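# Fold and geometry: a report
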Amino acid sequence: MNLTVMGERVRALNQQPIREGGRYVLYWCRWNRRVASNYALLYAAEMANHMNLPLVCLERLSCAYPTASDRFHTFVLEGVPEMQARLHKLGAGYIFQLPRRKTTSDARLRTVIQGAAAVVTDECLRATPRLDVQLHAVDASCIVPLSKIPQRSYAAYSIRPKIHRLLPEFLRPVPGVELRLPCRETFGDLHTEVTAGNLAELVASCEIDHGIRPSTTFRGGRKAAERTLRRFLEDRLRRYARDKNEPSAHATSDLSPYLHYGYISSLEVALAVREHAREHKLIADEFLEELIVRRELAFNFTRYADRHDTLDALPDWAQKTIAAHRNDTRDPLYSRQQFEAAATHDDLWNATQKELCLRGKIHGYYRMFWGKKIVEWSVSASEALATMLYLHDRYALDGDDPNTYTNILWCFGLHDRPWPERPIYGTIRSMVRSGMERKTNVDAYIREIEYLERTGKELTA
Ligand SMILES: Cc1cc2nc3c(=O)[nH]c(=O)nc-3n(C[C@H](O)[C@H](O)[C@H](O)COP(=O)(O)OP(=O)(O)OC[C@H]3O[C@@H](n4cnc5c(N)ncnc54)[C@H](O)[C@@H]3O)c2cc1C
């Protein structure tokens, strides 16, 4: 088979054969919810063309995970009508499944799989499904395929030259998808139709936490992702290098929820930013460093580190210093419930936690402060880690991402170096409120979050 998607992006997840008599090739979309710039969809389409079969795309939103809520369900459902329209325009079939109960059986999923000659899915952090048909995963989330750097990198400085060497080969647009055979099959009650009109009702009908409200700020879907990118190019990119650490300046892209849900690819963003910077004579290096080097270092970490969500994944020096300081006195000391309720003595910290609860993400610079203070004010490092993961799982629209695990562990020394010794932190880098006050406009940020909390609206909108 002569495919555009090269072997370095594709991994066989089982040894099952192609199903004789299968009616379509199935792209089981579990991460990259988009039609454009999607190597997984492209691979599935090329396979369908090669086998002279139509292509069907399946999305399934489970409510069986503990932190399923209105926030995450709404963000996914908002993207469904657009995804369906774009796939139909291509000639592909589309099935969306929304099990309403945590105990709903997967019979409808199995029926869809049984019709497939072969299944393609996204390379992602989700567990591998056990299927009785050929299953491939395609790495469509990174610019440089993960397999091109086949061992763990321990810091940005070690992965950066490797990525830069490979970028000329991979920083190129993904070819468009063309299908030889249109899908004429209809899927009846295997599919749940989602529209702007029934979305709220669908969310309300699911067995999920209705107390975690949708984000005040972020709407799901491809169009919202494209609007966010456009706003970044037109208004923020030229201020990024200077103001990216000033939360009240709103100079960062706010793309992390869209990247996490796959509504847009980092490749499209990088190409658009590079082009815009060239046209307007801007320097985009700082942004591309975050989007490419830092982000792909995170994917490298979760791909190759054992137990990427535990302190065991930390470098030796960090584990040793945590152990040496485990009996240091912590004062103040807060419980997970106090952190969650934004009930610490520090109004800046409380504002960052409220930002997480309201918007569903925290500005990158204050997010470091947020994490470091949880380390300092928790009874132990392992409890601090559990609190941060819990709060991300419950509130963050960009949570449960390689960036989540990597950056939370950064608060404990991952991808960093030893610093001068201090109580509780040991030689792990610390952060203090006075530093935030010196470098950023803390009052403006707190005012903005108070306004958001009071009105549900953005002060700057
Ligand atoms: C404790 C802690 C937890 C974090 N949890 C998450 C998380 O759950 N999900 C998440 O996407 N990011 C996380 N980050 C990293 C970073 O804060 C966010 O990626 C960034 O703030 C997202 O906002 P933005 O899209 O406006 O970023 P921009 O500054 O506009 O950057 C563009 C993109 O580059 C990538 N990026 C930026 N900073 C980093 C970084 N430090 N490491 C890796 N990639 C980066 C992201 O994909 C981001 O969307 C966390 C950081 C800390 C300190």
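Residues numbered from 1 in each chain as written. Predicted model: local features only at pLDDT ≥ 70, side-chain atom pairs only at ≥ 80, totals over all residues. Heavy atoms only, no water.

### Some thoughts on helix 13 (residues 347-358)
Formally: Runs of H or I in DSSP of at least four residues are treated as helices and runs of E of at least two as strands, each being numbered from the N terminus. Helix span, as expected, comes to 1.5 Å for every residue beyond the first. Each residue is placed in one exposure class: buried if its accessible area under a 1.4 Å probe, protein chains only, is under 20% of its type's maximum, exposed if it is over 50%, and partly exposed if it falls in between. The term polar contact refers here to a pair of N or O atoms within 3.5 Å; inside protein, the definition further demands a hydrogen-donor-capable atom paired with an acceptor-capable atom, and it admits residues adjacent in sequence only when both atoms are side-chain atoms.
For helix 13, with twelve residues, the first-to-last C-alpha span of 16 Å sits near the 16 Å given by 1.5 Å per residue. Where burial is concerned, most of helix 13 is hidden: nine out of the twelve residues are buried. For helix 13, the set of buried residues is Leu348, Trp349, Asn350, Ala351, Thr352, Gln353, Glu355, Leu356 and Leu358. If you check the start of helix 13, you find a side-chain oxygen 2.8 Å away from the backbone N of Leu348, and it comes from Asp346. The first or second residue beyond helix 13 is Gly360, which carries a positive phi of 95°.

### Structural notes on the site of the ligand
Spelled out, the test is: Nearness of a residue to a molecule or strand requires only that one of the residue's heavy atoms be within 4 Å of it. For every accessible area listed, the method is Shrake-Rupley and the probe measures 1.4 Å; residues are considered covered only by the protein chains on display.
The immediate surroundings of the ligand are formed by 23 residues, with Tyr240, Thr252, Ser253, Asp254 and Thr404 found nearest. Within the side chain of Lys361, one N or O atom sits 3.1 Å away from an oxygen atom of the ligand. One nitrogen or oxygen atom from the side chain of Thr404 is found 2.8 Å from an oxygen atom belonging to the ligand. The fraction of the free accessible surface of the ligand (830 Å²) that becomes covered by protein chains is 93%. The element that contributes the greatest number of residues to the shell around the ligand is helix 10 (residues 285-304), accounting for five residues.

### Here's the deal with the sheet that holds strand 2 (residues 24-28)
Threshold: A pair of strands counts as paired when DSSP detects no fewer than two bridges linking them. Under this scheme, a helix contributes an axis fitted over its contacting stretch, all axes are lines through C-alpha atoms, and angles between N-to-C directions fall in the 0 to 180 degree range.
Spatially, the six strands line up as an open sheet ordered 1-6-5-2-3-4, and their pairing is mixed. Two strands in the sheet have a free side with no partner beyond their single neighbour: strand 1 (10-12) and strand 4 (93-97). Going across the sheet, the axis of each strand differs from the next one's by a mean of 25°, ignoring polarity. Direction of pairing for strand 1 relative to strand 6 (residues 135-138): antiparallel, over a ladder of three bridges. In the sheet register, Arg11 faces strand 6, and the bridge partner there is Ala137.

### Quick notes on helix 18 (residues 442-455)
Defined as follows: We call two residues contacting when some pair of their heavy atoms lies within 4.5 Å.
Here helix 18 contains 14 residues, and its C-alpha end-to-end distance of 20 Å stays within 8% of the 20 Å for a straight helix at 1.5 Å per residue. Buried within helix 18 we find Val442, Ala444, Tyr445, Ile446, Glu448, Ile449 and Leu452. Buried residues in helix 18 make contact with helix 13, helix 14 (364-377) and helix 17 (433-439). Backbone geometry just downstream of helix 18 places Gly456 in the positive-phi region, at approximately 75°.

### Overview of the packing of helix 10 against helix 16 (residues 402-410)
Which entries qualify depends on this criterion: Any angle that is under 35 degrees is reported as roughly parallel, and any over 145 degrees as roughly antiparallel; angles of 65 to 115 degrees are reported as roughly perpendicular and all others as oblique. The residue classification treats Ala, Val, Leu, Ile, Met, Phe, Trp, Tyr, Cys and Pro as nonpolar and Asp, Glu, Lys and Arg as charged. All others, Gly included, are polar.
For the pair helix 10 and helix 16, interaxial distance at closest approach is 8 Å and the crossing angle is 90°. Judged by the angle between their axes, helix 10 and helix 16 are roughly perpendicular. Contacts between helix 10 and helix 16 pair Arg294, Arg295, Ala298, Phe299, Phe301 and Thr302 from the former with Pro402, Asn403, Tyr405, Thr406 and Leu409 from the latter. Its residues assigned to classes, the contact of helix 10 with helix 16 shows six nonpolar, three polar and two charged.

### Concerning the nonpolar core
Here is the rule we go by: Each nonpolar core is a collection of buried residues, namely Ala, Val, Leu, Ile, Met, Phe, Trp, Tyr and Cys, held together in the definition by side-chain atoms within 4.5 Å.
Formed by 82 residues in total, the largest nonpolar core has its most connected members in Tyr27, Leu55, Leu77, Tyr258, Val269, Val273 and Phe287. Per element, the largest residue contribution to this core is nine residues, and it comes from helix 1 (residues 39-51). Residue contacts for Leu77: discarding those within four places in its chain leaves Leu61, Phe96, Leu98, Val194, Leu199, Leu202 and Val203. In terms of nonpolar packing, the next biggest core, distinct from the first, is built from 45 residues, Val375, Leu391, Ala396 and Tyr425 among them.

### Regarding the pairing of strand 2
A regular strand places its side chains on the two faces of the sheet in alternate fashion. Most of strand 2 is tucked away: five of the five residues are buried. Neither face of strand 2 is exposed, since Tyr24, Leu26 and Trp28 on one face and Val25 and Tyr27 on the opposite face are all buried. In terms of strand pairing, strand 2 meets strand 5 (residues 116-122) through five bridges, oriented parallel. Looking at the pairing, Leu26 lines up with Val119 of strand 5. Note that strand 2 and strand 3 (residues 55-60) share four bridges and pair parallel.

### Re the layout of surface pockets
Where empty space is left becomes clear once a probe the size of a water molecule has been rolled over the atoms. For clarity, the cut-off: Here the term cavity refers to a set of points on a 1 Å grid, laid over the protein atoms alone, in which a 1.4 Å probe fits but cannot get out; the term pocket refers to an open set having protein on both sides within 12 Å along at least five of seven lines, with lining residues being those that place an atom within 4 Å of a point. Grid points are joined across faces, edges and corners, and a volume is the space filled by probe spheres set on the points. These domain boundaries are the output of an automatic or database domain assignment.
If you add up the space inside the second largest pocket, you get close to 880 Å³. Taken together, 32 residues form the lining of the second largest pocket, with Arg60, Leu61, Ser62, Tyr65 and Arg126 sitting closest to its centre. Every element with two or more residues in the lining of the second largest pocket is listed here: helix 2 (70-77) and helix 15 (381-395). The residue makeup of the lining of the second largest pocket includes at least three contributed by each of domain 1 (1-304) and domain 2 (307-455).

### As for the environment of Ser215
Note that Ser215 resides in the loop between helix 6 (199-204) and helix 7 (222-243). Residue Ser215 is classed as buried on the basis of its relative accessible area of 5%. Considering only alpha carbons, one finds Ser215 and Glu20, 195 residues apart in sequence, at a separation of 45 Å. Beyond its immediate sequence surroundings of up to four residues, Ser215 is in contact with Arg71, Leu358, Arg359 and Leu397. Among the polar contacts made by the side chain of Ser215, one reaches the main-chain carbonyl oxygen of Arg359 at a distance of 2.7 Å.

### Digging into the packing of helix 14 against helix 15
To keep things clear, this is the line we draw: By definition, turning the near helix anticlockwise from the far helix through less than a right angle yields a left-handed crossing, and turning it clockwise yields a right-handed one.
At a minimum axis separation of 8 Å, helix 14 and helix 15 run at an interaxial angle of 140°. When the interaxial angle is binned, helix 14 and helix 15 end up oblique. For the crossing formed where helix 14 meets helix 15, the hand is right-handed. Between helix 14 and helix 15, the residues in contact are Arg367, Trp370, Gly371, Ile374 and Val375 and Ala384, Thr387, Met388, Leu391 and His392, respectively. For the contact of helix 14 with helix 15, the residue count by class is six nonpolar, three polar and one charged.

### Observations regarding the state of the cysteines
Worth spelling out the cut-off: When the sulfur atoms of two cysteines come within 2.5 Å, that pair is taken as a disulfide.
Under the definition given, this model contains zero disulfides. There is no disulfide at Cys357, and the cysteine sulfur nearest it, in Cys411, is 17 Å away.

### Notes on the domain arrangement of the protein
Note the cut-off: We define buried area as the total accessible area lost by two parts upon association, computed with a 1.4 Å probe and summed across both. A carboxyl oxygen of Asp or Glu within 4 Å of a side-chain nitrogen of Lys or Arg is what we treat as a salt bridge.
By the assigned domains, the protein splits into domain 1 (1-304) and domain 2 (307-455). Computed from C-alpha coordinates alone, the two centres of domain 1 and domain 2 are separated by 28 Å. Domain 1 puts 37 residues into the contact, and the matching count from domain 2 is 34 residues. Note on domain 1 versus domain 2: buried area summed over both sides is about 3,000 Å², and carbon and sulfur give 59% of it. Area buried by domain 1 at its contact with domain 2 is led by Arg71, Pro247 and Phe301, which between them contribute 20% of it. Applying the counting criterion to the domain 1 and domain 2 interface returns three salt bridges. Between the two partners, domain 1 and domain 2, sit 16 residue pairs in polar contact (both at pLDDT 80 or more). Residue assignment for the side of domain 1 that touches domain 2 shows that the elements contributing at least two residues are helix 2, helix 8 (256-260) and helix 10. Per-class residue counts for the side of domain 1 that touches domain 2 are 16 nonpolar, twelve polar and nine charged.

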